Every structure is written in C-alpha cells, then in structure tokens.
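Breakdown of the fold
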Number of protein chains: 4
Amino acid sequence: MIKTDVQSERDTREITIDRVGVKNIRYPIVVEDRRNINQQTVADIALYVDLQEHERGTHMSRFLEVLNKYHKEDIISNLEQFMADLRKRMGSETAFAIIDFPYFIEKEAPVSKIKSLLSYQCHFQASLKEEYRLVIGVKVPITTLCPCSKEISDNGAHSQRSYVNIQVTLGEFVWLEELIEMVEASASCEIYSLLKRPDEKYVTERAYANPRFAEDIVREITLKLRQDRRIASFKVETENLESIHDHNAYAGVWSNNFWEIKY
Amino acid sequence: MIKTDVQSERDTREITIDRVGVKNIRYPIVVEDRRNINQQTVADIALYVDLQEHERGTHMSRFLEVLNKYHKEDIISNLEQFMADLRKRMGSETAFAIIDFPYFIEKEAPVSKIKSLLSYQCHFQASLKEEYRLVIGVKVPITTLCPCSKEISDNGAHSQRSYVNIQVTLGEFVWLEELIEMVEASASCEIYSLLKRPDEKYVTERAYANPRFAEDIVREITLKLRQDRRIASFKVETENLESIHDHNAYAGVWSNNFWEIKY
Amino acid sequence: MIKTDVQSERDTREITIDRVGVKNIRYPIVVEDRRNINQQTVADIALYVDLQEHERGTHMSRFLEVLNKYHKEDIISNLEQFMADLRKRMGSETAFAIIDFPYFIEKEAPVSKIKSLLSYQCHFQASLKEEYRLVIGVKVPITTLCPCSKEISDNGAHSQRSYVNIQVTLGEFVWLEELIEMVEASASCEIYSLLKRPDEKYVTERAYANPRFAEDIVREITLKLRQDRRIASFKVETENLESIHDHNAYAGVWSNNFWEIKY
Amino acid sequence: MIKTDVQSERDTREITIDRVGVKNIRYPIVVEDRRNINQQTVADIALYVDLQEHERGTHMSRFLEVLNKYHKEDIISNLEQFMADLRKRMGSETAFAIIDFPYFIEKEAPVSKIKSLLSYQCHFQASLKEEYRLVIGVKVPITTLCPCSKEISDNGAHSQRSYVNIQVTLGEFVWLEELIEMVEASASCEIYSLLKRPDEKYVTERAYANPRFAEDIVREITLKLRQDRRIASFKVETENLESIHDHNAYAGVWSNNFWEIKY
C-alpha cells in the first residue's frame, strides 16, 4: 500500500498559519565574547516558519536537520546564514528563531579584585522575510535601593535584587558586554558572585549612595541607549523583587520603532 | 526635618515610562460561570499605568489600594469600572491589568457520564486609554493524534497532550465555556479528569478516528472564530507535548487586527 | 471479544511499588481560618498508594472518584477520613496525599493600620498506614537585613526578600496563623502587601534595627518550635534572595524525629 | 573603629544548623562522556555545610572561592577532592553539593540512521562526612503507550511523553549512558530529536507493540538495577504526561538502602 505524505496534502481551508515549528530544543552552542574567547554554553531554541494556506503541514523534522547541519559550527556567529538556510529548507516566506542561553562574564570584586564568574541570561530573536532582523537581549541582575525608603527613614533603606531586561536592534555591532555595562552603571550597585568583607562594605555603601526607583533604572538606561548611535531600537524593563513586599515592582520603556517576535 | 515625597519630585530626563506597576499579586476573586454560579478562585494579578515624563515615580501602594477597594466585590464582573478607578487614582492616561486564574468546569465522561472537574487556566488583559479594551483568553488541554503517524504505521499512532491558547476580543459577550467548546470540538479528542474503562475506550477510538496536526487544530478553531460574529479579533495557538520527541510542536494563527498587551 | 482488565492482571516480577498515583490535579478546596471563616482557595493535589507485588497496575480513575466524593465537603477538615477512604477504595496498605494551596491573611500595616491581604503558600503531607501522619507546612515571605553588611558599612545595609519554609507535625492542634506569626516575629521585619509612607519608614527602620543572617532566622524559629509543646517535630528552612548576589543563601534546621513524604 | 567579623561571633542558642550554604549558582562545567569526549555544559549548583552550635554564621563567600579554584578544572571528575576542599575551607564536619546539568548524547534514528543530539538532565548529589557518598541521577524522556487503552480499544491506544528519573549510588563505576540505556530499553519506545518518515513508522509501531503502564516502566528498570552488581542502591520514578488527562500518572520504586540529600 502506498502511504501518503500527509503533510504535503493540499489544504482547502484557506488559512495561512502565521507561525509553525518546534520549541524547547536544548542545544549546545558556542558564543564568542568580547575577549574573542569562544564560550561553550547550552541554548534553549525555538524555530518557526509561516505556512501557506494550500499546505496542510510543515515537515517538523527539517527544522532539526537544519539545526544539526550547524552542530559543529557557530549558530550564533552565522545566524543570518542559518536563517536563510532554514527558510530555504522549509520552503517558507519567513523564518523565525528564538535562542536563549546563559553567558558568563568574569568580574572583579570592587575592592579585593578577586575574580568570579557571573551568568547573564541572553535572549536572541531573529527573523528573515524580505529583510533580516535581529533583536539581541540580556537579563542583568542588579541591586536597587529605594530612594523613598532612604529619604523617610532615620536609618537604612530597603534594597533588593532586580532583573533588568534589555533588548535592542542594532544599526552597528554592539557587544553584549556593552549592554550589560550600560545596565550595571545605572543600578544602585552592580552584582558579583564573590564578595569579601571590604567588597561587601563597598557595595552596601555604594547602593546607599545611589538610590534608584524602578522608574529611575529604566530612564537612566534609556538615556544611554538613545545616545548610542549604534542602537536602532530598544526595550528596557526592570523587575524589582521588593524586599518589603511579596510582589514585584516593574517599569518598562521602549522606543516607538521597537519590534520583536511576540508569539 | 521635613521628608520629601520623592516619587512626586519633578523629573527632568524627559522620558515617558510606557508601563510601571506591580506584578505577581495573588488575590482571591469571584467569577460567574455560564450556569450563573459564582466560582471562587485565586488570581495572579499585574497592574500597570503609564507615567508622564515630568513625574519621577508612581505611588506603588495605590495599586493595592484600588485592588483592596474591590476586595469583597467582583473585580472580573466590574472590570471596566475597576480600570477607570485605577486610572483615576493613579492620575495616569492609561491603565493596564493582566489577570490569570484557574476556572473550573464540571464535565461528564463520554460514556459513563460520571462527572468530574477540569481546571482551565484563564488569562485576561484589560486596558483603558481613550477606550476600554479587553482580551479574554483560556488555555485548553486536549488530546492530539498525529495524522502522519497513523497513515504510515500498520498499527497505532502517537498521541499526546496539547495545550491550545485562545485569546479573543469581543464585539458581543461570549462565555468562556463557549471558547473552550470551540477548542475541544476541534481536538482529536477532548480531555477529562475521570475516565472509566468504557470512557477510555471511547476517547482512544475517537482520537484515532480524528487525527490532527498542530496546524489542523489552529485552522479548525480559526474557521469557527471567523464565523462567529461576536468575535472581533483573535489569536489561537497550540503546543503539542510530542510523545515521540522531547521538544514541542507549535502552530499559531492570529487575525490581522488582533491586539494584546505585550510587555 | 472479552477485554481483559489489564490492571488487575497478576504480576510476577515480585516488585512492590512504593508509590503510585496521580499528580498535578488542580482542585477547589475550602480551608477554615483562625477567625473561623471558610476560605475558598485552589489546591494542587497529588494522591498516591503503594502497590503490592502481585498486582500489575493501580486503577488511576479511583483516585479521582475519591476526590470527587469530597467535592462539596471540606477535604482539609476531614483529611484523616479522606485518607481512610482513599486507602480503602484503592485496596492498598498505605495512602499518601500532598496538598498545596495559597492561604490568605488580612494584615494591618504597622502604622497606618490599613488592611491588605497577603498570600501564604501552604504545603500539607498526609499518610495513612498503621497510623495517620500529617505534616503541615507554610512558606512565609519576610525581609532579612544582613548583620555583617550593617556592621562593616558606614551607611545602610543590604536587605532582601526571603522565604521561610516551616513544616511541622503536631501533638496538638496549631493554627497556620500561629506558625506564620512565629516566623514573622523572627524576621528582620515582616512583609505586607500595602504600605503607606509612615509604614515604609517603620519597616525600613525596624529591619535596620533587627539584622538577621539566614542562620539567625532558622535558629530563632527553632527556639520557638522547641518551646512549643504542641509541636512534635519540625523542619525550618530559609532562602534569601540576596540583593548583592544572583544566587540565594540557604539555612535549614530539622528535629531528629522529623519525617516527611520525600518522593 | 574596629569592625567585628559578625559571622565569627560566638552563638549561644545551642542550635546546630543541619545545612547552610548557597543555591542557584550557574556555572560552566566539563563532563567526560563514554566516548571519552569532554562535553562543556552549564550546571546549576548548590553547596552546603553543617554549622556547629557555637558559630553564628558561615562565610558564604568561601563557597564561591572553592568553586572558583576549580574553574578551569573538571569539578565533576574530581568531585571527591572538591568535597574535601570544601569541607576543609569551610571548617565544617560535613559538606554537600547538588549539581544539575544537561548532558548531550548523539543518537541514531532507528531506520534512517540520521544522527541528532538529545539532551538529558542530570542530577548529582555528593556528601562528605566520615565517608564520601555520591548519588548520580538522570532524567530520561521516553514514550509510554497505555496497555489498558490498547486492550479495550478497537483501534489505536493513547501514548504520551514520560520522564523517568533514575538515581543510583555505585559500588563500581557506571556510565550515565548505561543508566540511560537501561531506561530506554524499558520504555514503550525511546525518544529521538530527529525522526524521518520511516523512523516515525518504526517508533509508532514499536510503541504499539510494547504497551507499558507507569508501574511496568519502574518494575522493568528495577529488575535491571537489581541485577547489576555495580549498583549499590537506587530510586526509579516515572511521570507520564497523560494524553487523555491534564494530570500526570506517577510510579516510584526505591531500594531500602537508598539514601539521598533531601533538603
């Protein structure tokens, strides 16, 4: 008996599918950092295409074939080519990729100068239709100290860990490290994995000297992003894990022209 | 010493904040179901407003004050009024609310007719600027059985649990139960909490008789949504927890005019 | 053709199954609080039994039948009876239940006395073999302020949100509210959903006046638990979402006789 | 002014802390696989020690110092030495480490023989007191097909993705790959990332020919673990993401002598 290729059947429902594909693929990738060192890390990947109205189904295994073809190579450093290959192999008009991965930076403690690694969760979104679009993003942990709490209190001020999510499209190349530095310089204080006593004194006093609301954080970063000619569009958000509440405080600013894959 | 109200300070950075507020508030709410019975459930709530460029900070405690004012009442059934109160109390131009909650429906097993409860995770998004907008959404667990696997195999066909996410804006009132029924009728088979042996036979055979790709699921539902005059715009997505892979298959369709709170 | 009841087949592999059952059932439940008011909330439930070596399978639908039988009643207030019914219906030697749910307490802000709701995640573990055992637990969000940071810094001290997990077995009845109060009294400061400016001044200054390491938190609570004759055994843990790091600090103490369902 | 080392203060509460340390540290590690190839992956690490009753606090930064010392080396391959260093540096009686990481295996599709990577989440627990103990564990995704559904239905049988969690202590060295193969050989069918049409036919028919309850899965694996002289103790669990329900089925068996870090 001849078996039909069911996915290739003609569909008569006249409905284009905006996005179809595979999610939650764990995959080892290599990312080059600012020191030109190749970091080996593990990504969580989603790959999608659009599907024309006359096609019943996409061929899901082909997403993996394209991914495997890039196994030994650097998916991130050849992402535009990867997207072109994906679109071609799938026979689609548009290809989308969402790639999340931890990225490590060796930081020096502010006083003791002891080095330790800090992990930053990165989030890349690529799409290829007529043109190639890339959003690069990174989530940066920082300390925030509340200006209102400092102002009204005789002693101390509540502080907390916050996560800043910065996403940009670029006119010109920018290192992830540069985005991270923009965020860290706007914090009450930046965060380190390893702090000795003199370092802890430093970060405590620095945070106390630099109180910031969630609103201040996103505005400070927005000022820097607007001044940077290489940044074409952006979104910046912070979420503060308030130490005096069990809910979080949030603030977000985005440029009018910011576009990202939403679904 | 006079303490300043730091949030009320004049800001000179000339940056409007698109969204500022509070997230991850757990709150008991009441939802009326199609049988006109009040369900008591627990919501996860986020409340936001915009912040004008001359204002340094929003007053975060006021979000909670507005919420508490509605404590004994039905936030969901008076949501437009709630949004107007929120915008007024915060002194903002726009107010946003995102409300997630489990919603229970008593279902009858297909053969034994034994009743059991199934939980559906709902997702509401409301905004109020010049006009009031409401997106109602619900995530529906279903069974999908793969048409390709059935076609090519001498015996059996792989099936899996899938989650359909349907979100709509309405011209006219629609019950959540109606959206859920649209989804369940488009599945290989619907899902129940309690199935006796004759029921399990029924759902197994029904799924085998109704193979559906992820693409089929979203197209079937799209046809129904387009035909329903009460639906103004929509998004429908499915995610299949593939039984033969450790990644998920995804398909999504949305109407051109679909709008939702993205950030 | 006669269909076999496969689960009831005789198993010859001679392996007793320690625990078999159903997980991730969302279910509406009612819990009576210290004010004798019935709270309606939503639980996440797991139900297990052991399975003798000669039985091939348990009948999974029966777990749901027992649960449904208690639908309109109070599962929590009749939990021992529920466990006996479960064990009987399943024909097993042992029955286990794990029940998680949010529990709401109305708290008064310390200065303004404004009331707001705070949610506490509860965790119950019940088992019935020869005897009935019940572990009740609750996760309490608190503020912790670092004693070392305060000591070494000229100004301020870093603080953060922490979660204390307290679990106890009881000789005599204890309200969840009493466990929560034990934890909150041991914190640098307790947490509220709604704080006005004078309240924020109060909690900031109170935390600064009461610095606590993770180690101090669990020791303070341990002292109280040991002094309470009604507590038969306990475990107490804290996890601090450190504001100066992107990792958490942890401390845990448990009594030698503490027993809980582990798997 | 002389600043006190607060952590080193004498504590008079007479409470030993069972476990104190740091959680949620993301860290790059290297793991050697059965082909003697070094895999670079990213771990989530927790490190704990006990704290004697007279000591007020542990020195949290020292956990990171020990970790950093091993940065370029292979933490996993020198884990016993790492534990000894940790215990010594912390001045404690006991040291504990919990290390989770994804581990990749290249698998060949059953018919087409096309290769693709599959990720397996590993879970190591180490402790050092008088003696060194190591639990190695891995979570293996598999397909399960329901024997009851197959027996009672005229066509088809429901299948789903399941996750088997296997944890062992060893008398003699065993590769992770061997544990994974034990699990996969006990499934209705094993799982692959990339399957072409002939492969999908194969896995569908194979699963249909090998129906397995959750109970069967853990018993089959238990038989193999008991027969393997190198395995000193074990726990094996499966969780089936039932395709006909929105809850999961669970079964677990453990040897009487199985011990793991619980807290």
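Residues numbered from 1 in each chain as written. Chains lettered and ligands numbered in written order. Predicted model: local features only at pLDDT ≥ 70, side-chain atom pairs only at ≥ 80, totals over all residues. Heavy atoms only, no water.

This part takes up the packing of aromatic side chains. Per the stated rule, a full pass over the model turns up 16 aromatic pairs over all chains. The interplanar angle of 80 degrees and the centroid separation of 5.0 Å between the aromatic rings of Tyr-70 of chain B and Phe-82 of chain B together place this pair among those described as edge-to-face. Residue Tyr-70 of chain B is located in the loop between helix H1 (60-69) and helix H2 (79-90), and its partner Phe-82 of chain B is located in helix H2; the two are separated by twelve residues in the primary sequence. Residue class for Tyr-70 of chain B comes out buried when judged on its relative accessible area of 4%. Owing to a relative accessible area of 1%, Phe-82 of chain B belongs among the buried residues under this scheme. Where Phe-173 of chain B meets Trp-175 of chain B, the ring centres are 4.9 Å apart and the plane angle is 85 degrees; that geometry is what we call edge-to-face. Residue Phe-173 of chain B is classed as exposed on the basis of its relative accessible area of 53%. Residue Trp-175 of chain B is classed as partly exposed on the basis of its relative accessible area of 22%. Directly above the aromatic system of Tyr-208 of chain A lies the positively charged group of Lys-150 of chain A, at a separation of 4.6 Å from the ring centroid. Cation over ring: Lys-107 of chain D sits above Tyr-192 of chain D, and NZ or CZ is 4.5 Å from the ring centre. (Phe/Tyr/Trp six-rings, centres within 6.5 Å; stacked < 30°, edge-to-face > 60°. Helix = DSSP H or I, 4+ residues; strand = E, 2+ residues; numbered from the N terminus. Buried < 20%, exposed > 50% of the residue type's maximum accessible area, 1.4 Å probe, protein only. Lys NZ or Arg CZ within 6 Å of the ring centre and 35° of its normal.)

Here we take up the relation of the copies chain C and chain B. Rotating chain C by 180 degrees and translating it 0.0 Å along the rotation axis places it on chain B, where the RMSD comes to 0.0 Å. Overall, the copies show the geometry of a two-fold rotation axis. Of all interface residues in chain C, 100% are interface residues in chain B too; the two copies therefore contact each other through one and the same surface. (Least-squares fit on C-alpha atoms with pLDDT ≥ 70 in both. Contact = heavy atoms within 4.5 Å.)

Model confidence for chain A is summarised by a mean pLDDT of 95, while 97% of its residues fall at 70 or above. Model confidence for the complex is summarised by a pTM of 0.96, with the ipTM given as 0.95. (pLDDT = per-residue confidence, 0-100.)

Enumeration according to the criterion identifies zero disulfides over all chains in this entry. Summary of cysteine pairing: Cys-189 of chain D is not part of a disulfide, and the nearest cysteine sulfur, belonging to Cys-146 of chain B, is at 14 Å. (Disulfide = S-S within 2.5 Å.)

With that out of the way, let us pick up the relation of the copies chain C and chain D. The operation relating chain C to chain D is a screw motion whose rotation component is 180 degrees, with 0.0 Å of axial translation and a residual RMSD of 0.0 Å. Here 100% of the contact residues of chain C are again contact residues in chain D; the copies associate through an equivalent surface.

Okay, the side chain of Thr-143 of chain B next. Looking at where Thr-143 of chain B falls in the secondary structure, it is placed in strand E5 (residues 132-145). What Thr-143 of chain B contacts, discounting residues up to four positions off in sequence, is Ser-159, Gln-160, Ala-187, Ser-188, Cys-189, Glu-190, Ile-191 and Ala-207 of chain B together with Ser-243 and Ile-244 of chain D.

How big an interface is tends to be stated in terms of accessible area lost as the parts join. Across the contact, 61 residues belong to chain C and 61 residues belong to chain D. Of the roughly 5000 Å² buried between chain C and chain D, counting both surfaces, carbon and sulfur atoms make up 54%. At the boundary of chain C and chain D, one finds ten salt bridges. As a salt-bridge pair, Asp-216 of chain C and Arg-56 of chain D come within 2.7 Å of each other at their nearest N and O atoms. (Buried area = accessible area lost by both parts, 1.4 Å probe. Salt bridge = Lys/Arg side-chain N within 4 Å of Asp/Glu carboxyl O.)

The next point concerns the interface of chain C and chain B. Each partner contributes residues to the interface: chain C has 31 residues there, and chain B has 31 residues. Carbon and sulfur atoms make up 55% of the surface buried where chain C meets chain B, a total of about 2400 Å² over both sides. Taken together, the links from chain C to chain B amount to two salt bridges. Across the salt bridge formed by Lys-196 of chain B and Glu-65 of chain C, the nearest N and O atoms sit 3.0 Å from each other. At the junction of chain C and chain B, the tally comes to eight residue pairs in polar contact (both at pLDDT 80 or more). Those elements giving two or more residues to the side of chain C that touches chain B turn out to be strand E1 (17-32), strand E2 (38-51), helix H1 (60-69), strand E3 (95-108) and strand E4 (115-128) of chain C. (Polar contact = N/O pair within 3.5 Å; in protein donor to acceptor, adjacent residues only side chain to side chain.)

A few words on helix H2 (residues 79-90) of chain D. Residues and elements named next belong to chain D. Between its terminal C-alpha atoms H2 stretches 16 Å, which fits the 16 Å expected from twelve residues at 1.5 Å a residue. Among all positions of H2, only Leu-79, Phe-82, Met-83, Asp-85, Leu-86 and Met-90 are buried. Taken end-on, H2 shows its buried residues confined to a sector of 165 degrees, consistent with a single buried face. Buried-residue contacts for H2 involve strand E2 (38-51), helix H1 (60-69), strand E3 (95-108), strand E4 (115-128) and strand E5 (132-145). Phi turns positive, to about 65 degrees, at Gly-91, one or two residues after H2. (Expected span 1.5 Å × (residues − 1). Arc of directions from axis to C-beta.)

Further remarks concern the packing of helix H4 (residues 176-185) of chain A against helix H6 (residues 214-227) of chain A. Residue and element names in this part refer to chain A. Their axes nearest at 8 Å, the elements H4 and H6 cross at an angle of 140 degrees. Here H4 is positioned oblique relative to H6, judged by the angle of their axes. Here H4 and H6 pass one another in a crossing that is right-handed. On H6, the residues touching Met-182, Val-183 and Ala-185 of H4 are Ile-221, Lys-224 and Leu-225. (Axes fitted to C-alpha atoms, helices over the stretch in contact; angles between N-to-C directions. Parallel < 35°, antiparallel > 145°, perpendicular 65-115°, else oblique. Left-handed = near helix turned anticlockwise from the far one by under 90°.)

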